[in-house]
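# Understanding the architecture of this molecule
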Amino acid sequence: MTAVSDISEAQIWTYLESVPDPEIPVISIVDLGVVRSVEITGKSVEVTITPTYSGCPAMAVIAMDIETGLAKHGITDVHLKTQIAPPWTTDWLSEKGLARLADYGIAAPQKAGGPACCPRCQSKAVERVSQFGSTPCKAQWRCTDCLEPFDYFKCI
Ligand SMILES: [Zn+2]
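The notes below deal with the structure included here. (Residues numbered from 1 in each chain as written. Predicted model: local features only at pLDDT ≥ 70, side-chain atom pairs only at ≥ 80, totals over all residues.)

Strand pairs in the sheet, formed through backbone hydrogen bonds, run parallel or antiparallel to each other. Strand order in this open sheet of 3 strands is β1-β2-β3, and the pairing throughout is mixed. The sheet terminates laterally at β1 (35–41) and β3 (78–82), the two strands that pair on one side only. Neighbour-to-neighbour, the strand axes of the sheet open up by a mean angle of 20°, direction not taken into account. Bridging between strand β2 (residues 44–49) and β3 involves 5 bridges; their strand directions are parallel. In the sheet register, I49 faces β3, and the bridge partner there is T82. Contacts from helix α1 (residues 9–16) reach β1 and β2, with the element oriented near 135° to β1. Of the strands in this sheet, β2 and β3 are in contact with helix α3 (residues 58–71), which crosses β3 at around 155°. (Pairing = 2+ DSSP bridges. Helix = DSSP H or I, 4+ residues; strand = E, 2+ residues; numbered from the N terminus. Axes fitted to C-alpha atoms, helices over the stretch in contact; angles between N-to-C directions. Contact = placed C-beta atoms within 7 Å.)

A word on the sheet that holds strand β6 (residues 138–143). The 4 strands lie next to each other as β4-β7-β6-β5, forming an open sheet whose pairing is mixed. With one partner strand each, in any of the chains shown, β4 (106–107) and β5 (126–130) form the two edges of the open sheet.

What follows deals with the nonpolar core. Residues L16, I29, V34, V35 and F150 are the most contacted members of the largest nonpolar core, which totals 31 residues. Only α1, α2 (29–32), β2, α3, β4, β6 and β7 (149–153) provide two or more residues apiece to this core. With 4 residues, the top contributor of residues to this core is α3. Of the domains in this structure, domain 1 (4–90) and domain 2 (105–153) are the two that each give at least three residues to this core. Once residues lying within four places of it in the same chain are set aside, the contact partners of I29 are L16, V19, D21, V34, V35 and I62. (Core = buried A, V, L, I, M, F, W, Y, C linked by C-beta atoms within 7 Å. Buried ≥ 20, exposed ≤ 12 C-beta atoms within 10 Å, placed from the backbone. Domains from an automatic or database assignment.)

Okay, the pairing of β2 next. Side-chain alternation along β2 places V45, V47 and I49 on a buried face and S44, E46 and T48 on a face that remains uncovered. Once β1 ends, the chain turns through 2 residues before running back antiparallel as β2, passing G42 with a positive phi of about 60°.

This is the structure in structure tokens:
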């Protein structure tokens, strides 16, 4: 077992960067911006997370994944804190997270309304197909130029 006192907070951030988001596994929970802070207090690690939206069912999974992810490195004394305010916004997605979303064919979230353009061909001719995509955080849209359906990450 690793003594928490031998580990830096930076190291824990690195471990958390390898914990994927359960809904969009191409980005980590750090890139998603749900991890607000990491603090080592005495022998335990306190991780503060902010849900992408209240009642997001993925949060229970994220909490478990954090515990499992850190336990792999011998860190078992983990306290998870949920912080609701300020609320998570899509601004907290990292540059890397946004780029990976685009690679994955998911339109990056916009402040107002729907996606700015098709993630595949960048056409602005897009229309919403369904309010709900493959998970509650996503809506399904379609590009009327390349005719490809795509997920729009709507959690804000
Ligand atoms: Zn397109």
